[in-house]
Amino acid sequence: MTDQTPAEYTGPRRILSGIQASGALHLGNYLGALKRFTQLQDTGAPCFLFVADLHAITVWQDPALLTAQTREIAAAYLASGLDPAKSVIFPQSAVRAHSELAWIFNCVARLGWLDRMTQFKEKSGKHKERSSVGLYTYPVLQAADILLYKATEVPTGEDQKQHLELTRDIAAKFNNDFGVPGFFPLPEPLTQGPAPRVMSLRDGAAKMSKSDPSDQSRINLTDDADSIVAKVRKAKTDPEPLPETVEGLDARPEAKNLVTIYAALADMTREQVLAQYGGQGFGAFKPALAELAVASMAPVTAEMRRLMADTAEIDRVLKDGAERAAEIADPVVDEVKKIVGFWRA
């Protein structure tokens, strides 16, 4: 990996991220991404936050639902506190340059690089031959998403670090192959505070996921108060009281998950949570967690429902965001075409 030095890229600082338009968002998305996005928009760097509908179709999506899912992700952005005046919010497919740059990067990336991507192996499982080519080249499209805006920082979870490394490899190879040092930045992972890793309410060893067939495994952003209370009450635990120290959570994944959720919702450390609840049983802790979750999520849920009831505001934000994103993206892809040697009138 080529290290980046200030002399190589001198463009402005920019932050980019997105959420895939597939399935309902849940508490893990809120704590791990949405809540973080709202903090990033006040750092002084332009934020580009898109709905990843191109990524969504790497696996089958019902066309009748995809538009609704795109709007729901956008509604979650807005309900979580993202301000369209501060952040550029748009659907990925509405900016054609994403697809154009992805194809060029498909011709820059090497097959061996993609063969090493562990997420494809996990998602395709034993049915690699039946998987779409898009699922295989997903990380290349992700590199195009990032480099199209010359993003310098990307909020990255553990499961995406390998893809960001690939983005850096593609940027470095493009810059080197075409003799344009510093044209693309080598984006860095954004580690402004650790994002909590929220696990399933039914299995503390599995990440909370919108693809889990059990709705009891997650708290959806659209769940009402009664549903949240019921799901917390039924969340899997063990018979022991909460420990006095964080180390005592190491062999207790379900207890660790519930303490982590409480800490993230309350903006506390796990040490502070255990100082308050250590030694108590889940009969005392679960009602407190449920009350906190309802109080924290109720405003988000209410705003999402308001927006989804009349989607004109969402559509206006997405249209405006797509136009603003294209103003940045189109000149970049035009310059790339010139660098590559494509015919120009």
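Preceding this section is the structure that the text describes.
Residues numbered from 1 in each chain as written. Predicted model: local features only at pLDDT ≥ 70, side-chain atom pairs only at ≥ 80, totals over all residues. Heavy atoms only, no water.

Concerning the overall build of the chain
Counting its secondary structure elements, the chain contains 14 helices and five strands. On C-alpha atoms alone, the chain measures out to a radius of gyration of 21 Å, which is about the 20 Å that the 2.2 N^0.38 rule sets for 345 residues. Reported as C-alpha extents along the three principal axes, the dimensions of the chain are approximately 70 × 45 × 45 Å. With an accessible surface of roughly 16,300 Å², the chain has 53% of that area assigned to carbon and sulfur atoms. (Helix = DSSP H or I, 4+ residues; strand = E, 2+ residues; numbered from the N terminus. Rg over C-alpha atoms; globule rule 2.2 N^0.38 Å. Areas by Shrake-Rupley, 256 points an atom, 1.4 Å probe, with all protein chains shown as cover.)

Regarding the pairing of strand β2 (residues 47-52)
Summarising burial for β2: six of the six residues are buried, a large majority. Burial of β2 is two-sided: the residues C47, L49 and V51 facing one way and the residues F48, F50 and A52 facing the other way are all buried. As judged from the six bridges shared by strand β1 (residues 15-20) and β2, these two strands associate in the parallel manner. When the sheet's bridge partners are listed, G18 is paired in β2 with F50. Considered for its hand, the β-α-β crossover made up of β1, helix α1 (residues 27-40) and β2 is right-handed. Of the pairings in the sheet, the one linking β2 to strand β3 (residues 87-91) comprises five bridges and is parallel in character. In the strand pairing of β3, F50 is matched with F90. (Buried < 20%, exposed > 50% of the residue type's maximum accessible area, 1.4 Å probe, protein only. Pairing = 2+ DSSP bridges. Right-handed = clockwise from strand over helix to strand, strands pointing away.)

So, the environment of A225
Among the structural elements, A225 can be located in helix α10 (residues 225-234). Residue classification places A225 among the partly exposed positions, given a relative accessible area of 36%. The spatial distance from the C-alpha of A225 to the C-alpha of A298 is 7.3 Å, given a sequence separation of 73 residues.

Focus: the pattern of salt bridges
Scanning the entire structure with this criterion turns up 15 salt bridges. We note a salt bridge from D215 to R218, for which the minimum N-O separation is 3.8 Å. By relative accessible area, which is 34% here, D215 ends up partly exposed. For R218, a relative accessible area of 9% corresponds to the buried category. For E303, the salt bridge goes to R306, with nearest N and O atoms at 2.8 Å. Taken together, the positions of E303 and R306, both in helix α13 (residues 282-309) and three residues apart, correspond to about one turn of that helix. The class of E303 is partly exposed, set by a relative accessible area of 26%. Residues joined in a network through salt bridges with shared partners are D215, R218, D223 and K231. (Salt bridge = Lys/Arg side-chain N within 4 Å of Asp/Glu carboxyl O.)

That is the geometry; function is a separate question.
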